[in-house]
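# An overview of the molecular structure
Here is how the chains run, residue by residue.
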Protein chains: 2
Amino acid sequence: MADGTTTPGQRADAQRNRERLLDAARQVVAEEGTQASLRDVARRAGVGLGTLYRHFPTRDDLLEALLRVRFDELASLADALLDDDDPAERSLAAWLGAFTVGASAARGLPASLMATLGDPDSALHASCLSMREAAGRLLRAAQDTGRIRPDVDGTDLFALVNALGWITDQAPSIAARREHLLTLVMDGLAGPGTGQAR
Amino acid sequence: MADGTTTPGQRADAQRNRERLLDAARQVVAEEGTQASLRDVARRAGVGLGTLYRHFPTRDDLLEALLRVRFDELASLADALLDDDDPAERSLAAWLGAFTVGASAARGLPASLMATLGDPDSALHASCLSMREAAGRLLRAAQDTGRIRPDVDGTDLFALVNALGWITDQAPSIAARREHLLTLVMDGLAGPGTGQAR
DNA sequence: ACCTGAACACCGTTCAAGT
DNA sequence: ACCTGAACACCGTTCAAGT
């Protein structure tokens, strides 16, 4: 059972460098987003640039190490919501809310997530895909109740919620309306209305 | 009446260089998106890098020269739709469709549009703002009929449609579902449904 | 094994020097 | 007036050289 925080393979300064890199990356990504300068990460970690590449051959490898925990949490949240007693469309809304909050943890994250889904070789691919699938199960449960339109799938849903996460990052005035825009999209997921607004 | 295609101020090779730059920029932006390398543009135009900066001090100045015509067309389309005999919400849907098609003309365009709205000094600011305002008038007309929810404004609408344009650029599989996602958002704009999907 | 930093091929932006 | 390209300060990525 690897716990993810230590890699007991070969040790020494390597283990310490890895942790320094992750600490630095956490800071830099929080400040600059997923497109942050890798040189900056190495610099802030007090480590040679080659060392960063040795530990994380790819930007996505680094992001994966930073983000997998959150992704897994979101996936299990979806499964937990699936089992609770709330109406399915409320569970779905709750999950989407949690996701959009997490998506704005780092600028550029929605773009990274979408790119990762299209690249099976990305280190982020697997966890991102399983997160989307967990959301898909929630969606299907809500569709079974007949209160969510049947002509959307998990891909549509994930696309929409990432689009929302993206737009929310483009301007503070829009970030302030995140909840509002989310309910609007949720209403769209519910299907055509009566035609009477409000 | 400046027609935008010629700048009769001082001429000579300057005028020709300007046109070469625009031609090159059209190509490069079409291929690489709004974040295309400016060096590449100068190179393809067969012009020194400094010449590009002299004609277009800013990336947005260059984009403005490329895109203003389309923006203006979209703005007048909105006004034309406002005056036709179609139901207001159909006019709104038609405009949103036209916008999203135009928005996928160049990768990165939705991001440029959103950035531009927040920066009054951007060369794109004015035309982008007036486009949003034209859309806002369409929106209000549709709201007056009572078939579009009253608690959205032009900023929300523009944000949503740009979010759609962005997500559409992230994966071909999603681009294929653009119409579908647009109707979904339109349904959201119509307000809460009956609760019965479909 | 692991670390380091120079090296390479790119950027955007500025500006002295030319015509 | 206008054009040019070197110069500067950055990138990402690789890899020879060190321990």
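Below is a short write-up of the structure. (Residues numbered from 1 in each chain as written. Chains lettered and ligands numbered in written order. Predicted model: local features only at pLDDT ≥ 70, side-chain atom pairs only at ≥ 80, totals over all residues. Heavy atoms only, no water.)

### Description of the overall build of chain A
Tallying secondary structure elements over chain A gives 10 helices and 0 strands in all. When the elements of chain A are put in sequence order from the N terminus, they spell out α-α-α-α-α-α-α-α-α-α. The C-alpha extent of chain A, read off along each of the three principal axes, is 65 × 40 × 25 Å. Of all 198 residues assigned to chain A, the portion counted as buried reaches 47%. Taking the contacts inside chain A whose residues are at least 6 apart along the sequence as the reference set, 63% of them involve residues at least 24 apart. Accessible area for chain A stands at about 9,700 Å²; split by element, carbon and sulfur atoms hold 49% of it. On chain A, the mean spot of the 22 positive side-chain charges and the mean spot of the 28 negative ones are 7 Å from each other. (Helix = DSSP H or I, 4+ residues; strand = E, 2+ residues; numbered from the N terminus. Buried < 20%, exposed > 50% of the residue type's maximum accessible area, 1.4 Å probe, protein only. Contact = heavy atoms within 4.5 Å. Areas by Shrake-Rupley, 256 points an atom, 1.4 Å probe, with all protein chains shown as cover. Lys, Arg positive; Asp, Glu negative; His and termini not counted. Charge placed at Lys NZ, Arg CZ, Asp CG, Glu CD.)

### A look at the environment of D156 of chain B
Note that D156 of chain B resides in helix 8 (residues 154–168). The buried category is assigned to D156 of chain B, whose relative accessible area is 2%. For the pair D156 of chain B and N17 of chain B, spaced 139 residues apart in sequence, the C-alpha separation works out to 40 Å. The contact partners of D156 of chain B, leaving out residues within four places of it in the chain, are R177, H180 and L181 of chain A together with D151 of chain B.

### Quick notes on the protein's contact with DNA strand C
Near DNA strand C, the surroundings consist of 21 residues, among which N17, G48 and T51 of chain A together with R39 and Y53 of chain B are the closest. One of the side-chain nitrogen or oxygen atoms of N17 of chain A is found 2.3 Å away from a phosphate oxygen of DNA strand C. R39 of chain B is positioned such that a nitrogen or oxygen atom in its side chain is 2.3 Å from a base nitrogen of DNA strand C. Of all the secondary-structure elements, those providing two or more residues to the surface near DNA strand C are helix 1 (13–32) and helix 3 (49–55) of chain A together with helix 2 (38–45) and helix 3 (49–55) of chain B. The residue inventory of the surface near DNA strand C, partitioned by class, reads 7 nonpolar, 8 polar and 6 charged. (Near = heavy atom within 4 Å. Polar contact = N/O pair within 3.5 Å; in protein donor to acceptor, adjacent residues only side chain to side chain. Nonpolar A, V, L, I, M, F, W, Y, C, P; charged D, E, K, R; others polar.)

### Considering the relation of the copies chain A and chain B
Two chain copies here: they are related by a rotation about an axis and a translation along the same axis. Here chain A sits on chain B after a turn of 180 degrees about the axis and a move of 0.0 Å along it, with an RMSD of 0.0 Å. Taken together, these values place the two copies in the relation of a two-fold axis. Looking at chain A, 100% of its interface residues are interface residues in chain B too, so the copies touch through the same face. (Least-squares fit on C-alpha atoms with pLDDT ≥ 70 in both.)

### So, the interface of chain A and chain B
With 39 residues of chain A in contact, the opposing surface of chain B contributes 39 residues. Of the roughly 3,300 Å² buried where chain A meets chain B, counting both sides, 66% is carbon and sulfur surface. Applying the counting criterion to the chain A and chain B interface returns 6 salt bridges. Our count for the contact surface shared by chain A and chain B stands at 8 residue pairs in polar contact (both at pLDDT 80 or more). Contributions of two or more residues to the side of chain A that touches chain B are made by helix 6 (109–117), helix 8 (154–168) and helix 10 (178–190) of chain A. Residue composition of the side of chain A that touches chain B, by class: 20 nonpolar, 11 polar and 8 charged. (Buried area = accessible area lost by both parts, 1.4 Å probe. Salt bridge = Lys/Arg side-chain N within 4 Å of Asp/Glu carboxyl O.)

### Quick word on the protein's contact with DNA strand D
Around DNA strand D lies a shell of 21 residues, among which R39 and Y53 of chain A together with N17, G48 and T51 of chain B are the nearest. Near the protein, within 4 Å, the atoms of DNA strand D are sugar or phosphate in 59% of cases. Within the contact set of DNA strand D, a phosphate oxygen lies 2.7 Å away from a side-chain nitrogen or oxygen of T51 of chain B. One nitrogen or oxygen atom from the side chain of H55 of chain B is found 3.3 Å from a phosphate oxygen belonging to DNA strand D. Looking at the surface near DNA strand D, the elements with two or more residues in it are helix 2 (38–45) and helix 3 of chain A together with helix 1 (13–32) and helix 3 of chain B. Broken down by element, the residue count for the surface near DNA strand D peaks at 5 residues, all from helix 3 of chain B. Its residues assigned to classes, the surface near DNA strand D comprises 7 nonpolar, 8 polar and 6 charged.

### Quick look at the packing of aromatic side chains
Any aromatic ring pair is given by two values, namely how distant the centres are and how the planes are angled relative to each other. All names here are of chain A. The full count for this structure, using the stated rule, is 5 aromatic pairs over all chains. Taking 5.4 Å as the distance between ring centres and 25 degrees as the angle between the ring planes, the aromatic pair formed by W95 and F99 counts as stacked. Pair noted here: W95 and F99 are both in helix 5 (residues 88–103), with a separation of 4 residues, about one helical turn. For W95, a relative accessible area of 0% corresponds to the buried category. Taken together, the aromatic side chains of W95, F99 and F158 make up a single cluster linked through ring pairs. (Phe/Tyr/Trp six-rings, centres within 6.5 Å; stacked < 30°, edge-to-face > 60°.)

### Observations regarding helix 2 of chain B
Residues and elements named next belong to chain B. Along helix 2, the residues that are buried comprise L38, V41, A42 and A45. Taken down its axis, helix 2 places every buried residue within 95 degrees of arc, on the same side. Facing away from the buried surface of helix 2 by more than 90 degrees, the exposed residues are R39 and R43. Check the buried side of helix 2 and you find it contacts helix 1, helix 3 and helix 4 (59–83). For helix 2, the capping residue at the N-terminal end is S37, with a side-chain oxygen 3.2 Å from the backbone nitrogen of R39. In the segment just after helix 2, G46 is the residue with positive phi, at about 70 degrees. (Arc of directions from axis to C-beta.)

Nothing here speaks to function; it is all geometry.
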